[in-house]
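This is what each chain is made of:
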Amino acid sequence: MRRRAGAGLVGRPLPTAGRYALRVVSLVAALGVWQALTSLDIDLWLRFSQFPTVTDVAHAFADRLAGPDYWTDLTDSLTRILSGFLLAAVLGVATGVLVARSRLAEDLIGPVLEVVRPIPAIALVPVAILLFPSNEQGIVFITFTAAFFPVLVSTRHAVRALTPVWEEAVLTMGGGRWRILGSVVLPGALPGIFGGLSVGIGVSWICVISAEMISGQYGVGYRTWQDYTVVDYPGVFVGMVTIGVLGWLTSTAVELLGRRLTRWLPRTSYDAGDRARNVRALPSAREPKSAAPAPTTEEARDEHLV
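Residues numbered from 1 in each chain as written. Predicted model: local features only at pLDDT ≥ 70, side-chain atom pairs only at ≥ 80, totals over all residues. Heavy atoms only, no water.

What follows concerns helix α1 (residues 16–39). Taking 1.5 Å of rise per residue, the 24 residues of α1 would be expected to cover 34 Å, and the 35 Å separating its terminal C-alpha atoms lies within 8% of that figure. Where α1 ends, the next residue or the one after it, Asp41, has phi of about 55 degrees, a positive value. (Helix = DSSP H or I, 4+ residues; strand = E, 2+ residues; numbered from the N terminus. Expected span 1.5 Å × (residues − 1).)

What follows is the structure, encoded as structure tokens:
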């Protein structure tokens with residue numbers, strides 16, 4: 001039996017609607033397993049009987065949405081995460097480019113950054129409490145620190161990985177240092193920069209929630225910890241779901257922005273259908289190559305003149 005070219009182990013590609021439907025089915029199946037394990041009080045090694053059911057969490061979620069505290073916590077957490085992350089993005093990219101392009105900057109601030117970088121951002125909570133006059137500023141500082149170093153490191157490596165041929169081409173055409181920075185360094189390092197931004201936004205959410213639990217007065221993390229202290233486990237899961245959705249939305253926004261700004265780059269398709277179509281589009285080895293068309297009279301005359 002002949003096998004269609006490009007099918008192989010890939011199989012028939014799903015349409016876009018089918019892929020989204022498959023993702024929804026996967027999520028619904030996970031919720032169904034959760035509901036079954038908790039409602040039947042399954043205790044094997046993990047104690048699912050201690051967990052609230054999906055319906056309990058849904059009822060608690062509906063109650064929270066109807067009250068003003070939920071939206072206040074949501075606004076406070078988003079304000080803190082966006083303030084710290086945007087500040088980290090600007091300073092992280094600037095510092096990464098500076099350290100990668102200047103040996104003097106690398107010698108002056110590089111050792112300090114490398115000593116501070118391994119310290120977890122959440123371990124700086126006592127420093128933030130002592131350093132800043134308000135808890136709000138301290139939480140933004142923790143969020144900034146969490147995102148700053150992933151952006152810094154990814155930017156530094158991306159700039160150092162640029163081929164020097166591009167810079168030499170700009171110098172040959174009379175371009176200066178700022179021209180090289182705007183035309184070569186920043187555009188060439190954009191994929192690496194957005195890789196660091198994607199990591200940084202995720203780490204920022206981890207640290208801002210932890211900081212809110214320790215020293216916050218409002219926010220999703222603070223409310224989740226308060227629910228735990230009063231043994232309101234459905235409320236705890238409401239906070240966890242909220243954190244997950246917010247983290248997913250913000251990281252997706254960063255990735256979409258990165259794709260938008262780097263749309264000029266060649267893309268590698270991970271779609272099975274695209275791979276299959278690309279394979280089928282390749283000329284077969286058993287098919288004779290078509291002969292080149294004979295040149296016209298004008299083309300022959302031009303070639304003779306050359």
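Attention now goes to unusual backbone geometry. Phi at Asp41 takes a positive value of approximately 55 degrees, unusual for a residue other than glycine. Relative to the assigned elements, Asp41 resides in the loop between α1 and α2 (54–66). On the accessibility criterion, Asp41 (47% relative accessible area) is partly exposed. With a phi close to 60 degrees, Val231 is a non-glycine residue in the positive phi region. (Buried < 20%, exposed > 50% of the residue type's maximum accessible area, 1.4 Å probe, protein only.)

Moving on, we come to the packing of helix α3 (residues 68–101) against helix α8 (residues 177–215). Packing of α3 against α8 brings their axes to within 8 Å, and their N-to-C directions diverge by 140 degrees. When the interaxial angle is binned, α3 and α8 end up oblique. In this structure, α3 meets α8 at a crossing whose hand is right-handed. Of α8, the residues touching α3 (which contributes Ser77, Leu78, Arg80, Ile81, Phe85, Ala89, Val93, Val97 and Arg101) are Ile180, Leu181, Val185, Leu186, Ile193, Leu197, Gly200, Ile201, Ser204, Trp205, Val208 and Glu212. Each residue belonging to the contact of α3 with α8 can be placed in one class, and the counts come to 15 nonpolar, three polar and three charged. (Axes fitted to C-alpha atoms, helices over the stretch in contact; angles between N-to-C directions. Parallel < 35°, antiparallel > 145°, perpendicular 65-115°, else oblique. Left-handed = near helix turned anticlockwise from the far one by under 90°. Contact = heavy atoms within 4.5 Å. Nonpolar A, V, L, I, M, F, W, Y, C, P; charged D, E, K, R; others polar.)

On the secondary structure map, Trp166 appears in helix α7 (residues 164–172). Sequence-wise, Trp166 and Ser183 are 17 residues apart; in three dimensions their C-alpha atoms are separated by 9.2 Å. Those residues within four positions of Trp166 in sequence are excluded, and the remaining contacts are Val184 and Gly188.

None of the figures reported here should be taken as evidence of function without further support.
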